[in-house]
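# Reading the structure
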Amino acid sequence: MGPVATMESVSAWDRRAAAPGGIGGAHGPAKAAVVGGTETPPAKPSRVPSLGASGKNSSDRQRDRPRRDHAPRVGLLVYMVARVLYFVPGDRERLDCVRAAQPSLEHPDERFMLDAPTPAYAPHRSLTADPNVNEVLSGLADYDGRRARLYFKPLSGVRRTAAHLYGQDNPVDVGIHEVAAWWLARELGPPWSELVAPTVWFDPPDAQDIGSCGPVILGMGGYASLPQPGAGFDRLISDAAFFDAVIGAQDRHDHNLRAEMPPRLALIDHGYAFARTGDWHNPYEAAGLFLKIRFGERRFRVPDGPVLDYSGVGPLSPALGAHEQAAIARLAADRDLLGVAQLLSDDRAQALRDRVARMAGSGEVLQAADF
Ligand SMILES: Nc1ncnc2c1ncn2[C@@H]1O[C@H](COP(=O)(O)OP(=O)(O)O)[C@@H](O)[C@H]1O
Ligand SMILES: [Mg+2]
């Protein structure tokens, strides 16, 4: 559970970013108080992973030390703890890239989320997904004749112990990854731009600190599980598997999706993605679902439930289809990864480039957990 920092921990930078009319668009104040997450991830991690470098060192931390004139003495300790916990070198710059880009984003879903008045966010409780989730708020946005549910994931809801297992020690990057996954899908275009939930960054004008900010995700229809036996989802599953291989998805279990009949699939929850070689993958049986199905698995024996049986899905091949080869070629040709590299730490961007190169070389998608 992340710290709930006090007002003393708000830096000048945080206040500026959270200013009304600033980067958060026309959103009004968030209504719900933000608290740390209290729940557990879908699978109880069974082993301690080998974690990638966090990128922190003492001189980097010094860089983030508060200036005395900005931090009253009484709040200094809290301030410093929050700075160390919430910032690693580069994440401020990555977040600023997102914030700077948002005013000129053109996708209608992005514009809707950025321009709509802030909905009355309240804690979200999924009927179908496990309650084992981070803190998620939801609310109905109404703007320009359109009404849609939005999901807001303030960074303070990121469960720090679970995030650490995934090698995702920085909540800011966990939040940015949700945006980065969408940006990548948007830039790749169909079918991926129609699979991945559109996501923007939100700085509530009354944000107490960076923990009160986070990604806002467009509500996708359907349910948090794939209809059994999954018939008719073949193409969607295959496309989703490719996307997961590219982003290095660490946590694509059977509830980190929305699905409905007639077959429609949406991918959600991309905080634990953009993994590096050796990073941890959720050991839960159905995690890596789409890639496992693409490699031939159909039945998933999950604890506390019936076997997930996707025998209705036809044969799929790990071999890249023509549209996937074209996507890989585009990514391989662009060191900026279609604008996504700037949202990722250098090691995560390089890991993505390496995955792309390996897929280009083999002509196949990578297996789940092969980062
Ligand atoms: N874009 C979305 N569309 C529909 N439901 C969503 C969306 N995002 C989140 N949810 C709901 O919130 C739950 C938790 O969201 P998720 O992103 O999986 O967070 P966590 O990191 O806590 O697992 C999901 O299982 C789903 O019920
Ligand atoms: Mg989830």
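Residues numbered from 1 in each chain as written. Chains lettered and ligands numbered in written order. Predicted model: local features only at pLDDT ≥ 70, side-chain atom pairs only at ≥ 80, totals over all residues.

Another point: helix H4 (residues 91-101). When H4 is considered as a whole, its buried residues turn out to be Asp91, Arg94, Leu95 and Val98. On an axial view of H4, the arc spanned by its buried residues comes to 95 degrees, and they lie on one face. Of the exposed residues in H4, those oriented more than 90 degrees away from the buried face are Glu93 and Ala100. Buried positions along H4 lie against helix H7 (171-188) and strand S4 (199-202). (Buried ≥ 20, exposed ≤ 12 C-beta atoms within 10 Å, placed from the backbone. Helix = DSSP H or I, 4+ residues; strand = E, 2+ residues; numbered from the N terminus. Arc of directions from axis to C-beta. Contact = placed C-beta atoms within 7 Å.)

One ladder, built from seven bridges, connects strand S2 (residues 137-143) with strand S3 (residues 146-152); its direction is antiparallel. Counterpart to Ala141 in the pairing with S3 is Ala148. Between S2 and S3, which pair antiparallel in sequence order, lie two residues; one of them, Asp144, sits at a positive phi of approximately 55 degrees. The pairing of S3 with strand S5 (residues 214-218) spans three bridges and is antiparallel. Bridging from a neighbouring strand, Tyr151 pairs with Ile217 of S5. (Pairing = 2+ DSSP bridges.)

This brings us to the packing of H4 against H7. In contact at an axis separation of 10 Å, H4 and H7 are set at 30 degrees when each is read in the N-to-C sense. When the axis of H4 is compared with that of H7, the two are roughly parallel. Of the two possible hands of crossing, H4 and H7 adopt the one that is left-handed. Counting all contacts with H4, which are made through Asp91, Arg94, Leu95 and Val98, the residues of H7 involved are Val172, Asp173, Ile176 and Val179. Here the residues of the contact of H4 with H7 sort into five nonpolar, no polar and three charged. (Axes fitted to C-alpha atoms, helices over the stretch in contact; angles between N-to-C directions. Parallel < 35°, antiparallel > 145°, perpendicular 65-115°, else oblique. Left-handed = near helix turned anticlockwise from the far one by under 90°. Nonpolar A, V, L, I, M, F, W, Y, C, P; charged D, E, K, R; others polar.)

Our focus in this paragraph is unusual backbone geometry. Cis geometry marks the peptide bond from Pro190 to Pro191; its omega dihedral reads 5 degrees. Mapped onto the fold, Pro191 is located in the loop between H7 and helix H8 (192-195). With omega at -10 degrees, the peptide bond leading from Met261 into Pro262 counts as cis. Residue placement: Pro262 occurs in the loop between strand S6 (257-260) and strand S7 (264-267). A positive phi angle, near 70 degrees, is found at Asp269, a position not held by glycine. Its location among the elements puts Asp269 in the loop between S7 and helix H10 (289-294). A tally of 25 C-beta atoms within 10 Å means that Asp269 is categorised as buried. Even without glycine at this site, Leu338 takes up a positive phi of about 60 degrees. Along the chain, the position of Leu338 falls in the loop between helix H11 (322-333) and helix H12 (346-362). Leu338 sits in the partly exposed class, given 16 other C-beta atoms within 10 Å.

With that settled, consider the environment of Tyr143. When you line up the elements, Tyr143 lands in strand S2. Exposure remark for Tyr143: the 16 C-beta atoms within 10 Å place this residue in the partly exposed category. A C-alpha to C-alpha distance of 7.6 Å links Tyr143 and Asp115, two positions 28 residues apart in sequence. Those residues in contact with Tyr143 that lie beyond four places of it in its chain are Phe112, Asp115, Ala116 and Pro117.

In this section: the confidence of the model for the protein. Here the protein averages 81 in pLDDT, and 74% of its residues register 70 or above. This stretch, residues 1-71, has a pLDDT under 50; its non-local contacts, to residues over four places away or in other chains, come to 160 contacts. (pLDDT = per-residue confidence, 0-100.)

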